[in-house]
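Listed below, chain by chain, are the residues.
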Amino acid sequence: MRYYDKLVFELSREGRSAFSLPQAPDVCLPDSVSRKSALELPSLSEPDVVRHYTNLSQMNFGVDTGFYPLGSCTMKYNPKINEEIPGMFAGVHPLVPAGAVPGIRKIYEGIDSALAELTGMAHFTFEPCAGAHGELTGLMLIRQYHISRGDFARTRIIVPDSAHGTNPASAAVCGLEVVEVKSGPDGLIDVESLKPLLGPQIAGIMMTNPNTLGLFEKDIAQIASLVHGCGGLLYYDGANMNPLLGVVRPGDMGFDVMHLNLHKTFSTPHGGGGPGSGPVGVAPHLVEFLPEFGNRGELRVSGFHGNFGVILRAYAYILMLGRENVPMAGRLATLSANYIKESLKDCYRLPLQSICKHEFVFDGLVNDGARDGVPGATTLDVAKRLLDYGFHAPTIYFPLLFHQAIMIEPTETESLETLDSFIEVMRKIAQEAAQDPTLLRTAPHNTPIGRPDETVAARQPVLKWTKSN
Ligand SMILES: *Cc1c(COP(=O)(O)O)cnc(C)c1O
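Let us look at the structure shown here. (Residues numbered from 1 in each chain as written. Predicted model: local features only at pLDDT ≥ 70, side-chain atom pairs only at ≥ 80, totals over all residues. Heavy atoms only, no water.)

Comments concerning the nonpolar core
Using the following cut-off: Put simply, a nonpolar core is a bunch of buried Ala, Val, Leu, Ile, Met, Phe, Trp, Tyr and Cys residues held in one set by side-chain atoms that sit within 4.5 Å of each other. Residue burial is assigned from relative accessible area. The probe radius is 1.4 Å, only protein chains are included, and a residue is buried under 20% of its type maximum, exposed over 50%, and partly exposed in between. By definition, any uninterrupted DSSP run of H or I lasting at least four residues is a helix, any uninterrupted run of E lasting at least two residues is a strand, and each is numbered from the N terminus. Note on definitions: a residue-residue contact is assigned when non-hydrogen atoms from the two residues lie within 4.5 Å.
Counting residues in each nonpolar core, the largest one holds 46 residues, and the members touching the most others are Leu115, Ile205 and Phe266. Take this core: its biggest share by element is 8 residues, from helix α11 (residues 308-321). Not counting residues up to four positions away in its chain, the partners in contact with Phe266 are Leu115, Leu118, Leu245, Leu260, Asn261, Arg313, Ala314, Tyr317 and Ile318. Tyr348, Phe422, Val425 and Met426 belong to the second-largest nonpolar core, a separate cluster that totals 26 residues.

Here you go:
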């Protein structure tokens, strides 16, 4: 353990301090509110405090410390200018009347029309504060649409088996019954399995395209006309719009409602679950149901106008790239993903061989090193070993269609050199697994924490130091 890994309370020495304040005037506080015993705060010098926080920050892994190829989450690098711009608006209180800040209104109008142009939707609401929140908003809107037509029977929603877990969860929260449609062996929605599910009870279908396996649903036009033909609407989960930006638009594919994850595709740091923004866009015939737009938009799903800081970052990102460069993002992300896939498919099992979009899935090691009495290395072990080499692990054990899933999404923001060094390390780990799987099974060897019990860490987190610890 290094000296500064010690906790601040252990470094504390009475009388030390990192601040100097002018003498406070004598104020008589009522006895009922005055403190009876001293606050238990550590006494530290300024360098102790600075080193404490700097060292803490280095115990974490972020996209600013290294490559973070987390499939389905688009951990692209977040340009630093995006952090400066929200700071310029820090003085605007959420209760300021809209008329007093016309510039902010212009920002909302600007990003609304930029996103409409990128997606082929008519308008967006910026109230939803996450992707899942957007899904719920969009589904409520679909229900309202059917109900407004006197069509009360549409209570079922079709969701593919490859969908992100939030899709069925949002549908259930919205009171819709989820009907699963199976993927074919090619990882795409099987149109023949879809047909018998359609009927007068179907509110719509939720889809991601490219889907969660990183594959483009090539039958989307046929699917759209089948679902519309039965009276349902098409919901597009645009959390991972990255590969489509400036290339293909959900509106042109026939989708009626969609959400975007500004915190994924439009560069807001989002490790650890926030902050987020999941604006919902609709085709022209549904604008009247959109919060803040139509006279039927009684729906309100958050206070004020959503997560303004995230919206600003997204707008800055779009304007910095500009109309002519936005399409490069998706193309580069797709090229990077295919480059890694092709470079590693002799060491890692590749269940779906076709060209991928922004991400793809391996199904564990080709040779996991298992032999008599020695268990082989798993996907978890590969992920842990990657940390020793300074790379964040890809998404693992998702999607659920494969038992040893490793889902890799490099994004467009990485250089060829970074991709090459990741490939080299992944090949080295595959070699290590074949020769000495125990080395992987005991990894990571170089990080402050190795293999915490993730359930306990999530359910009973220890967030502060107490003496009994
Ligand atoms: C991340 C993601 C979501 C959910 O977004 P949150 O902001 O985490 O609620 C939904 N669908 C897909 C495909 C995603 O990748």
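Here we look at the sheet that holds strand β9 (residues 395-396)
This is how the line gets drawn: Following DSSP output, two strands are said to pair if at least two bridges run between them.
Pairing is antiparallel across the open sheet formed by 3 strands, whose spatial order is β8-β10-β9. Single-partner strands in this sheet number two, and they are β8 (360-363) and β9. Both β9 and strand β10 (residues 405-408) contribute to a ladder of 2 bridges, which runs antiparallel. The partner of Ile396 across the bridge, within β10, is Ile406.

Observations regarding the site of the ligand
Worth spelling out the cut-off: Residues are classed as near a molecule or strand on a simple rule: at least one heavy atom within 4 Å of it. We call two N or O atoms a polar contact when they sit within 3.5 Å, provided that within protein one can donate a hydrogen and the other can accept it, with sequence-adjacent residues counted only if both atoms are side-chain atoms. In these tables, accessible area is a Shrake-Rupley quantity obtained with a 1.4 Å probe, and a residue counts as shielded only by the protein chains included in the view.
The ligand sits among 13 residues. The nearest are Ser72, Gly131, Asp237, His263 and Lys264. Measuring from a nitrogen atom of the ligand, one finds a side-chain N or O atom of Asp237 at 2.6 Å. In the environment of the ligand, an oxygen atom lies 2.8 Å from a nitrogen or oxygen atom belonging to the side chain of His263. Protein burial of the ligand: of its 380 Å² of free accessible surface, 86% is covered by the chains.

Some remarks on the sheet that holds strand β6 (residues 257-260)
Heads up, the rule is: Note on definitions: angles span 0 to 180 degrees between N-to-C directions of axes, and those axes are lines fitted to C-alpha atoms, for helices only across the stretch in contact.
Pairing is mixed in the open sheet, where 7 strands are placed in the order β1-β7-β6-β5-β4-β2-β3. Whereas interior strands pair on both sides, the edge strands pair on one side only; in this sheet they are β1 (123-125) and β3 (177-181). Direction aside, neighbouring strands of the sheet carry axes that sit 25° apart on average. As paired strands, strand β2 (residues 156-160) and β3 are joined by 5 bridges and run parallel to one another. Residue Ile157 lies in a different strand from β3, and its bridge partner there is Val178. The strands that helix α4 (residues 102-119) touches are β1 and β6; relative to β1, the one it contacts most, it runs at about 120°.

Let's talk about the environment of Asn261
Mapped onto the fold, Asn261 is located in the loop between β6 and α10 (262-265). Contacts of Asn261, omitting those with residues within four sequence positions, involve Gly131, Gly238, Ala239, Phe266 and Ser277.

Topic: the side chain of Asn209
By secondary structure assignment, the location of Asn209 is in the loop between β4 (202-207) and α8 (220-229). With residues up to four places along the chain from it excluded, the contact list for Asn209 reads Leu215, Phe216, Glu217, Ile220, Tyr236, Leu244 and Met253.

Focus on the environment of Asp151
Examined against the element boundaries, Asp151 turns out to sit in the loop between α5 (131-148) and β2. According to the relative accessible area criterion, Asp151 is partly exposed, its value standing at 22%. Counting along the chain gives 50 residues from Asp151 to Gln201, while the straight-line C-alpha distance between them is 9.2 Å.

With respect to the pairing of β6
Alternating positions in β6 separate into two faces, Val257 and His259 on one and Met258 and Leu260 on the other, with burial throughout. Here strand β5 (residues 233-238) pairs with β6 via 4 bridges, running parallel. Residue Tyr235 lies in a different strand from β6, and its bridge partner there is Val257. Where β6 lies against strand β7 (residues 280-282), 3 bridges are found, and the strand directions are antiparallel. In the strand pairing of β7, Met258 is matched with Gly281.

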